[in-house]
Amino acid sequence: MIQKNILKYIMSDKIVLNVILICLNMAMIVSGRAQTLNKLWYREPAHEWVEALPIGNGRLGAVVFGDPDSENIQLNEYTLWAGGPNNNVNPEARQVLGRIRQLIFSGQYLAAQKLVNEKAGPRGNSGMPYQSAGNLLIRFSHHGAPTDYYRELNLEDAVVMDTFRIGTTNFHETVFSSFPDQVIIVHLTASRPRSITCTLLLKSLLRHTVKTAGGTLELDGISGDHEGQKGRVKYTTLIKPILSGGKLQADDSSLHIQSADSVTIYVSIATSFKNYHDVSADNIFRAGNYLHKALRKSYKSALRDQEITFKKYFDRVSLDLGITDSIHNPTNIRIAEFHNDNDPQLAALYFQFGRYLLISCSRPGGQPATLQGIWNNMIDPPWDSKYTVNINTEMNYWPADKTNLSETIDPLMQMVKDLSVTGQQSARERYGARGWVLHHNTDLWRITGVVDGGYYLWPEGGTWLCENLWEHYLYTGDKTFLRQLYPVLKGACEFFVDELQVEPTHQWLVVCPTMSPEHSYTDKDGVSIDITDGATMDNQLVFDLFSHTMQAEKILGVDKLFSDTLSMKRDSLPPMQIGRYGQLQEWLQDWDKPDDHHRHVSHLYGLFPSNQISPYRTSALFEAARNSLIYRGDVSTGWSMAWKINLWAHLLDGNHAYR
């Protein structure tokens, strides 16, 4: 009775009713905004690969162009790499290692560099490229030009959608990469029956054959050859359309759909890769198994399960920086106008897009994110789209724990475990040392030798990856994880316990030979030189590795004698030094120049991501780090500017605590 009286009062009072209607209207507006805040959207299809919208389930990646006339969905599977099992360790390097050290310690850096380049480079190859699985092409037969075009990527459920109108018929495409079902699904609908007519084709730049059987389009291929390594990864792509209405016909290499009401296309991809030393799996059986399991489920169920699975990760974090009218503009317009517009929500969208990409390309049990995540449309992509571990792989995972995506670290942990095995060959054959070592690059095959010549002779790649994993432990406090990590940490330490050398001037223990990543200094004759000893970043990394391994030992109570050894070695590492320009020195010697704008800021690792430099404990070093960052300047490559932003954030945060 009370509820009826209240409702009667509301309906009789126009003012109250109007207020409620206004509130409901505002709620709908807010709700509508909330639905669009985490979306990238556009009013035209992608014209280039970098404009297409990425989807991924950790294993299968795709970018969707959204072309209403000839749709292009470029495909990736994360174990499709050139070459096959190998390790590029050069055992001849050990024969000249002593001479290289002698030259460096006597100041003959150029002679040392020449010897490194002649005798101590990689053996056979510098790593294999990650390769594209090909393209699914959907060529439509429309009668008329598309209008009212719209496409979007919804970051919250990882679904790409595009819509358009031809005449009085509305067409709708939905695409997602399903983690539960391990297939990519494309769903085509139209507002009028019998309106979908198209041809499905598969293309690849790799060696392959295409055939049709039982209403399925099948591509079988093999990965590419590269730098003397024969491609050994076999792969299969299966395309299976399920029609509502209409007719399906096939020729030798394509499928033709005629006058369907709706079409659901299942894309299954699998390779013969088992692990870094075994490529004997049955790719055809694997692809068929994924497909058959996916076909048991309805499209609506598959979409629901995909959304639930993705939201489990994505919905953990929200970011509200405010909203302006800019949110009503397409994403490309917002980006173009950001420098002179008030659009704080675009920064929040950018933040969430980063989380979206990490969720989409790094799932437990899989491979870690490459230089391009899981997305690559080339056979020979830039920098091979592999793992560059002198900053880029580590940076990929900086947001993982910080943005509540701790599970995405698992693939990185599994790769480092592999490297702690393959890296033993590098330690033993190249340096005569125990433990394991990784230089500045690796790939699917977990190579650990020097890559790209002596210029990149930097044996700290594994050390830095260990710091990512230690950081993960600090966030989670997971002792089970720490027990798995400890043998990896110990092996990395064993290498440096054996490899550290006594430099002649101060009797410090230094890494020799080494370099400051991808950077050079100029000798007294104006010659650019890379090879050195005791580069500042090396000292910082080894300091952290020893310190964190000692902490792990104390927590686990497993290896007190080894911890004592690390303590003694750590005490003999070079301290960080301030140079003549008030800068934090990048090298053991004062070789920095204030007009040096190199993209790497490796010696500032001690500030971030490490915390060896503090405004309270080491105020002089803190100021020197600031000077170095000012000298380097702001403008650089994207990843470098991201690192500099983090460094400035730490410099500006006077309350930043040391762990």
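Residues numbered from 1 in each chain as written. Predicted model: local features only at pLDDT ≥ 70, side-chain atom pairs only at ≥ 80, totals over all residues. Heavy atoms only, no water.

Participant: For this particular structure, what's the right way to read the overall build of the protein chain?
Facilitator: In terms of helices and strands, the protein chain carries 17 helices and 22 strands. The principal-axis extents of the C-alpha atoms in the protein chain amount to approximately 85 × 70 × 50 Å. Within the protein chain, the proportion of its 659 residues that are buried is 57%. The long-range share in the protein chain, meaning contacts at least 24 apart out of those at least 6 apart in sequence, stands at 68%. Counting 62 positive and 71 negative side-chain charges, the protein chain places the centres of these two groups 6 Å from one another. (Helix = DSSP H or I, 4+ residues; strand = E, 2+ residues; numbered from the N terminus. Buried < 20%, exposed > 50% of the residue type's maximum accessible area, 1.4 Å probe, protein only. Contact = heavy atoms within 4.5 Å. Lys, Arg positive; Asp, Glu negative; His and termini not counted. Charge placed at Lys NZ, Arg CZ, Asp CG, Glu CD.)

Participant: Looking at this model, I keep getting lost on the confidence of the model for the protein chain. Mind explaining?
Facilitator: In regions of low pLDDT, the predicted coordinates are not meant to be interpreted in detail. Averaged over all residues, the pLDDT of the protein chain is 93; the fraction at 70 or higher stands at 94%. Considering only residues more than four positions removed or in separate chains, one finds that residues 1-34, a stretch of pLDDT under 50, has 10 contacts. For the stretch residues 655-659, pLDDT sits under 50, and the model shows 13 contacts to residues farther than four places along the chain or on other chains. (pLDDT = per-residue confidence, 0-100.)

Participant: Even after reading the chapter, I still don't get the pattern of salt bridges, so can you show me in this structure?
Facilitator: Two side chains with opposite charge may pair up if their charged atoms get near one another. Overall, the coordinates contain 24 salt bridges when judged by the stated rule. Taking the shortest distance from any N to any O, the salt bridge between aspartate 225 and lysine 230 comes out at 3.6 Å. Taking the relative accessible area as the measure of exposure, lysine 230 reaches 58% and is therefore exposed. Across the pair glutamate 471 and lysine 402 runs a salt bridge whose closest N-O atoms are separated by 3.6 Å. Of this pair, glutamate 471 sits in helix H12 (residues 461-476) while lysine 402 sits in helix H10 (residues 398-402), and the two are 69 residues apart along the sequence. When salt bridges that share partners are traced, they join Asp181, Lys297, Arg304 and Asp305 into one network. (Salt bridge = Lys/Arg side-chain N within 4 Å of Asp/Glu carboxyl O.)

Participant: Help me understand helix H16 (residues 619-632) in this model?
Facilitator: For H16, spanning 14 residues, the distance from its first C-alpha to its last is 20 Å, which sits close to the expected 20 Å at 1.5 Å a residue. Looking at H16, one finds that the buried residues are Leu621, Phe622, Ala624, Ala625, Asn627, Ser628, Leu629 and Arg632. Against helix H17 (638-652) lie the buried residues of H16. The first or second residue beyond H16 is glycine 633, which carries a positive phi of 80°. (Expected span 1.5 Å × (residues − 1).)

Participant: Sorry if this is basic, but what is going on with the nonpolar core here?
Facilitator: Counting residues in hydrophobic clusters, the biggest one holds 137 residues, and the most contacted among them are Ile73, Leu75, Leu136, Ile138, Ile265 and Trp445. By residue number, the principal contributor to this core is helix H13 (residues 479-499), which donates 11 residues. With residues up to four places along the chain from it excluded, the contact list for isoleucine 73 reads Ala62, Val63, Val64, Gly134, Asn135, Leu136, Ile138, Glu173, Val175 and Val186. Ile391, Trp398, Val601 and Leu647 belong to the second-largest nonpolar core, a separate cluster that totals 23 residues. (Core = buried A, V, L, I, M, F, W, Y, C linked by side-chain atoms within 4.5 Å.)

Participant: Where do I start with the environment of glycine 606 in this structure?
Facilitator: In this structure, glycine 606 sits in the loop between helix H15 (560-571) and H16. A C-alpha to C-alpha distance of 9.4 Å links glycine 606 and asparagine 539, two positions 67 residues apart in sequence.

Participant: Can you help me understand the pairing of strand E2 (residues 53-56) in this one?
Facilitator: Working note: regular strand, side chains alternate between the two faces of the sheet. Here E2 shows a buried face lined by Leu53 and Ile55 and a second buried face lined by Pro54 and Gly56. By the bridge criterion, 4 bridges tie E2 to strand E3 (residues 60-64) in an arrangement that is antiparallel. When the sheet's bridge partners are listed, glycine 56 is paired in E3 with glycine 61. Remark: 3 residues form the turn of the hairpin made by E2 and E3, two consecutive strands paired antiparallel; glycine 58 in that turn has positive phi of roughly 95°. (Pairing = 2+ DSSP bridges.)

Participant: I keep staring at the packing of helix H14 (residues 536-556) against H15 and nothing clicks. Help me out?
Facilitator: In a pair of packed helices, the angle between the axes and the distance between the axes together describe the arrangement. Where H14 meets H15, the axes come as close as 9 Å, and the angle between the chain directions of the two elements is 155°. By the criterion of interaxial angle, the relationship of H14 to H15 is roughly antiparallel. Of the two elements, H14 crosses H15, and the hand of that crossing is left-handed. For the pair formed by H14 and H15, the contact residues are Phe543, Phe546, Ser547, Thr549, Met550 and Glu553 on the first element and Lys560, Ser563, Leu566, Ser567, Lys569 and Arg570 on the second. The residue makeup of the contact of H14 with H15, split by class, is 4 nonpolar, 4 polar and 4 charged. (Axes fitted to C-alpha atoms, helices over the stretch in contact; angles between N-to-C directions. Parallel < 35°, antiparallel > 145°, perpendicular 65-115°, else oblique. Left-handed = near helix turned anticlockwise from the far one by under 90°. Nonpolar A, V, L, I, M, F, W, Y, C, P; charged D, E, K, R; others polar.)

Participant: What should I look at first to understand the packing of aromatic side chains in this one?
Facilitator: Aromatic ring pairs are reported here in terms of the distance separating the ring centres and the angle at which the planes meet. Applying the stated criterion across every chain yields a total of 21 aromatic pairs. Ring pairs connect the aromatic residues Trp398, Trp464, Tyr605, Phe608 and Trp643, which therefore count as one cluster. Arginine 151 extends its terminal NZ or CZ atom over the ring of tyrosine 42, reaching a point 4.5 Å from the ring centre. The lysine or arginine in question, lysine 490, covers the ring of phenylalanine 562, its NZ or CZ lying 5.2 Å from the ring centre. (Phe/Tyr/Trp six-rings, centres within 6.5 Å; stacked < 30°, edge-to-face > 60°. Lys NZ or Arg CZ within 6 Å of the ring centre and 35° of its normal.)

Participant: Can you walk me through the sheet that holds strand E13 (residues 234-244) in this structure?
Facilitator: Sheet strands associate in pairs through backbone hydrogen bonding, adopting either a parallel or an antiparallel arrangement. Reading across from one edge, E1-E6-E7-E8-E9-E16-E13-E12-E11 is the order of the 9 strands in this open sheet, with antiparallel pairing throughout. Of all the strands in the sheet, the pair left with one neighbour each is strand E1 (39-42) and strand E11 (207-213). Along the sheet, successive strands turn relative to each other by an average axial angle of 15°, direction set aside. Sheet analysis places E13 next to strand E16 (residues 262-271), joined by 10 bridges and oriented antiparallel. Pairing of threonine 237 across the sheet is with isoleucine 269, part of E16. Where helix H5 (residues 283-295) meets the sheet, its contacts fall on strand E9 (183-190), strand E12 (216-222), E13 and E16, and the angle it forms with E16 comes to roughly 145°.

Participant: For this particular structure, what's the right way to read the environment of tyrosine 387?
Facilitator: Along the chain, tyrosine 387 turns up in strand E17 (residues 387-388). Given a relative accessible area of 0%, tyrosine 387 falls into the buried group. Linking tyrosine 387 and arginine 446, residues 59 residues apart in sequence, is a C-alpha distance of 9.6 Å. Among the polar contacts made by the side chain of tyrosine 387, one reaches the main-chain carbonyl oxygen of proline 368 at a distance of 3.0 Å. (Polar contact = N/O pair within 3.5 Å; in protein donor to acceptor, adjacent residues only side chain to side chain.)

Participant: Please clarify how helix H4 (residues 109-119) should be interpreted in this entry.
Facilitator: Note that an α-helix has 3.6 residues per turn; residues three or four places apart therefore point the same way. Listed in full, the buried residues belonging to H4 are Tyr109, Ala112, Gln113, Leu115 and Val116. Angularly, the buried residues of H4 cover 165° about the axis, an arc narrow enough to put them on a single face. Buried residues along H4 sit in contact with helix H3 (93-105), strand E21 (521-522) and strand E22 (528-529). (Arc of directions from axis to C-beta.)

Participant: Looking at this structure, I do not really get the side chain of histidine 603. What am I missing?
Facilitator: Within the fold, histidine 603 resides in the loop between H15 and H16. What makes histidine 603 buried here is its relative accessible area of 2%. The contacts of histidine 603, once residues within four sequence positions are left out, are Thr536, Gln540, Leu584, Gln585, Glu586, Ser628 and Arg632.

Participant: I would appreciate a short explanation of unusual backbone geometry in the present structure.
Facilitator: Excluding glycine, residues mostly have negative phi values, and the peptide bonds linking residues are mostly trans. Each neighbour pair has its own omega, and for cysteine 512 with proline 513 the value is 0°, a cis peptide bond. Assignment of secondary structure puts proline 513 in the loop between strand E20 (509-510) and E21. Look at the link from phenylalanine 608 to proline 609: it is a cis peptide, with omega at 15°. Within the secondary structure, proline 609 is located in the loop between H15 and H16. Although it is not a glycine, aspartate 384 sits at a positive phi angle of roughly 65°.

Participant: I tried to follow the sheet that holds strand E14 (residues 247-250) on my own but got confused; where do I start?
Facilitator: The 7 strands lie next to each other as E2-E3-E4-E5-E10-E15-E14, forming an open sheet whose pairing is antiparallel. Looking at the sheet topology across the chains shown, the edges are occupied by E2 and E14. On average, each strand axis in the sheet is tilted by 20° relative to the strand beside it, whichever way the strands run. Two strands pair when backbone bridges link them, and E14 and strand E15 (residues 255-260) are joined in this way by 4 bridges, in the antiparallel orientation. Within the sheet, the bridge partner assigned to leucine 248 lies in E15 and is isoleucine 257.

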